[in-house]
Amino acid sequence: MFHFKKVQRQLAVLTLCLSIFPLVLHAADNVSVLGSKPKWSVLEKYQETITHDEFTRLIQDVYCAHGFAPDLIEINEKTARVLMNRETQKSFTLRFAENPATAGRQPVPRLWRPAKSLTPVRPEKPLFGLKIALDPGHLGGKWAKMEERWFQVGNSAPVQEGDLALRVARLLAPRLRELGAKVFFVRNSNEPITSKRPNDFRELARKILIKNGVPHPRADVLDPNDPAKEQTIRWQSEILFYRYSEIRRRAALVNFKLHPDLVLCLHFNAEGWGDPNNPSLTDANHLHLLVNGSYLAEELEFNDERFEMIRRLLSRAYDEELPLADTIALAMARDTGLPPYEYPTTNTTTKVGTSGYVYARNLLATRLYRCPVVYCEPYVMNSKDVFARIQAGDYEGVRNVNGVERKSIFREYADSAVEGLANYYSGARCSRDR
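Rules used in this analysis
- Residues numbered from 1 in each chain as written.
- Predicted model: local features only at pLDDT ≥ 70, side-chain atom pairs only at ≥ 80, totals over all residues.
- Heavy atoms only, no water.
- Pairing = 2+ DSSP bridges.
- Helix = DSSP H or I, 4+ residues; strand = E, 2+ residues; numbered from the N terminus.
- Axes fitted to C-alpha atoms, helices over the stretch in contact; angles between N-to-C directions.
- Contact = heavy atoms within 4.5 Å.
- Core = buried A, V, L, I, M, F, W, Y, C linked by side-chain atoms within 4.5 Å.
- Buried < 20%, exposed > 50% of the residue type's maximum accessible area, 1.4 Å probe, protein only.
- Expected span 1.5 Å × (residues − 1).
- Bend = angle between axes of the 7 residues up to and from the residue.
- Salt bridge = Lys/Arg side-chain N within 4 Å of Asp/Glu carboxyl O.
- Left-handed = near helix turned anticlockwise from the far one by under 90°.
- Nonpolar A, V, L, I, M, F, W, Y, C, P; charged D, E, K, R; others polar.
- Disulfide = S-S within 2.5 Å.
- Phe/Tyr/Trp six-rings, centres within 6.5 Å; stacked < 30°, edge-to-face > 60°.

### A closer look at the sheet that holds strand β11 (residues 358-360)
Step number 1: With mixed pairing, seven strands are arranged side by side in an open sheet as β7-β4-β8-β12-β9-β11-β10. The open sheet has two edge strands with one neighbour each: β7 (182-185) and β10 (350-352). Pairs of neighbouring strands in the sheet enclose a mean axial angle of 30°, with direction left out of account.
Step number 2: As paired elements, strand β4 (residues 131-136) and β7 share four bridges and run parallel to each other. By the bridge assignment for β7, Ala133 is matched with Phe184.
Step number 3: Each of β4, β7 and β8 (262-266) is contacted by helix α5 (residues 161-178), which is oriented at about 165° to β4, the strand it contacts most.

See the structure below:
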């Protein structure tokens, strides 16, 4: 879910964690939460694979739209200099291709395949040969309350985002396979992918809090409305577990075992519901999708985030994921009738594409997965309409919900995603043959 107030709080948590790393690595490494020292030498494979104009466009319009410190990236006529480490003042120098034709002679190193490189389309199998990884967001089950992706109205069944997303993924998989895709699950249960648990991070959480001005951090959270819960060891250790350790482990699975051509991240959105013990429902309901980009200046100060951004830019993942996200967004908009979500501020996002539904944003999953990633955020779980549809459960055909004959919300989600994927890959593969 991406309710803005929750995003603000999550960013505050991230800021709280920023100074953690001198405690666990040498200060010169300067890496982000649970990150590792980047291997800049791998970027040598991208020499002369991109032109000056293309690199500049992607930096200015997509990845660094909020600006960056001038010593981090210096773009010249024939090269770009990227600072690897501010303390040592060492830099990586990228040589540009002299023109687009020259760039085309140098293959872009990547394990994923763009749509146009796949075999010609079969009309009945538009996804033939495509490798798709489905990543149902969050965990659900017994972890849902910890993640704050859980609410309950009265005696109704609890709404848990991780469970909802997994249900959609399980409906999606056979549909995609019928169209010829090879489908993997990044998560296919309510258990974490990471072997770590919150208790493994308690000492690290304590150090974070002390480093950030809480000299004697309290061990436990008193209740869900505890105003000081973010200053407790328990809350910080849980964040390190389910947000950072879990997503980094999923990224390792995607990058080193699954090697998909695309990751589809499945989420549901939410507006603020107030008191967790008495959540409120809203009339608001909307849709948006995310691709990687729009790095904040302070995020680019971390050596690993800067490296991951440059590697992603050079892989041209954006050239694939943006038109794909736009196509899926239009299919979802047609099937759901939902309006586009409008972020109340542009401080963390950049609207991209032509559909009006897609934003660039630097999320851990969209940054670390080394292939195109489309991050779906349809439906507001605590809207009155969506809540009723979730309570109705999954079913075949249509059913009267809130006075309207509708298919299951889970099947509507899955059907619209399938439609968007089929539309994109059919079109891209047909254009390859022209």
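Moving on from the coordinates now.
### Brief notes about the nonpolar core
Nonpolar side chains tend to gather and get buried jointly when the protein is soluble and globular.
Step number 1: Within the largest apolar cluster, 86 residues are counted, with the highest numbers of intra-cluster contacts made by Phe55, Leu172, Leu176, Leu264, Leu289, Leu421 and Tyr425.
Step number 2: Examining the composition of this core, we find that eleven residues originate from one element, helix α12 (residues 409-433), more than from any other.
Step number 3: Not counting residues within four places of it along the chain, the set of residues in contact with Leu172 comprises Leu134, Leu264, Leu266, Ala414, Ala417 and Val418.

### Here we look at helix α7 (residues 233-258)
Step number 1: Helix length check: α7, at 26 residues, gives a terminal C-alpha distance of 35 Å against a target of 38 Å (1.5 Å per residue), a fit within 8%.
Step number 2: The sharpest bend along α7 measures roughly 30° and falls at Phe241.
Step number 3: Summarising burial for α7: 20 of the 26 residues are buried, a large majority.
Step number 4: One or two steps after α7, the chain reaches His259, where phi turns positive at roughly 50°.

### Quick look at the pattern of salt bridges
Step number 1: One pass over the structure, following the stated rule, counts 26 salt bridges.
Step number 2: One salt bridge in this structure joins Asp319 and Arg57, with 3.9 Å as the shortest N-O distance. Here the residue Asp319 occupies a position in helix α9 (residues 317-336), and Arg57 occupies one in helix α2 (residues 52-63), the gap between them amounting to 262 residues.
Step number 3: For Arg57, a relative accessible area of 36% translates into the label partly exposed.
Step number 4: One salt bridge connects Asp415 with Arg175, and the closest N-O pair in it is separated by 2.4 Å. Residue Asp415 is found in helix α12, and its partner Arg175 is found in helix α5; the two are separated by 240 residues along the sequence.
Step number 5: For Asp415, a relative accessible area of 21% corresponds to the partly exposed category.
Step number 6: Here Arg175 falls in the partly exposed class, since its relative accessible area comes to 31%.

### Observations regarding the packing of helix α6 (residues 202-211) against α7
Step number 1: Packing of α6 against α7 brings their axes to within 8 Å, and their N-to-C directions diverge by 115°. When you trace α6 past α7, the crossing you get is right-handed. Residue-level inspection shows Arg202, Leu204, Ala205, Arg206, Ile208 and Leu209 of α6 in contact with α7, the latter providing Ile233, Arg234, Gln236, Ser237 and Leu240.
Step number 2: Its residues assigned to classes, the contact of α6 with α7 shows six nonpolar, two polar and three charged.

### Some remarks on the state of the cysteines
Step number 1: Considering all chains together, one arrives at zero disulfides under this definition.
Step number 2: There is no disulfide at Cys371, and the cysteine sulfur nearest it, in Cys265, is 8.8 Å away.

### Brief notes about the pairing of strand β14 (residues 404-407)
Step number 1: Relative to β14, strand β13 (residues 398-401) runs antiparallel, the two sharing four bridges. Of the residues in β14, the one forming a bridge with Val398 is Lys407.
Step number 2: Here β13 hands over to β14 after two residues, with Asn402 in that stretch at a positive phi of 55°.

### Quick notes on the packing of aromatic side chains
Step number 1: Following the criterion strictly, the structure yields 13 aromatic pairs and no others.
Step number 2: On the basis of an interplanar angle of 50° and a centroid distance of 5.5 Å, the ring pair of Phe55 and Phe96 is categorised as tilted. With a gap of 41 residues between them, Phe55 in helix α2 and Phe96 in the loop between β3 (90-95) and α3 (100-105) connect regions that are remote in the sequence. Summarising the burial analysis for this pair, Phe55 and Phe96 share the class buried.
Step number 3: With 6.0 Å between their ring centres and 55° between their planes, Tyr379 and Tyr413 make a pair best called tilted. On the criterion of sequence distance, the pair formed by Tyr379 in the loop between β12 (373-378) and α11 (384-392) and Tyr413 in helix α12 is long-range, its members being 34 residues apart.

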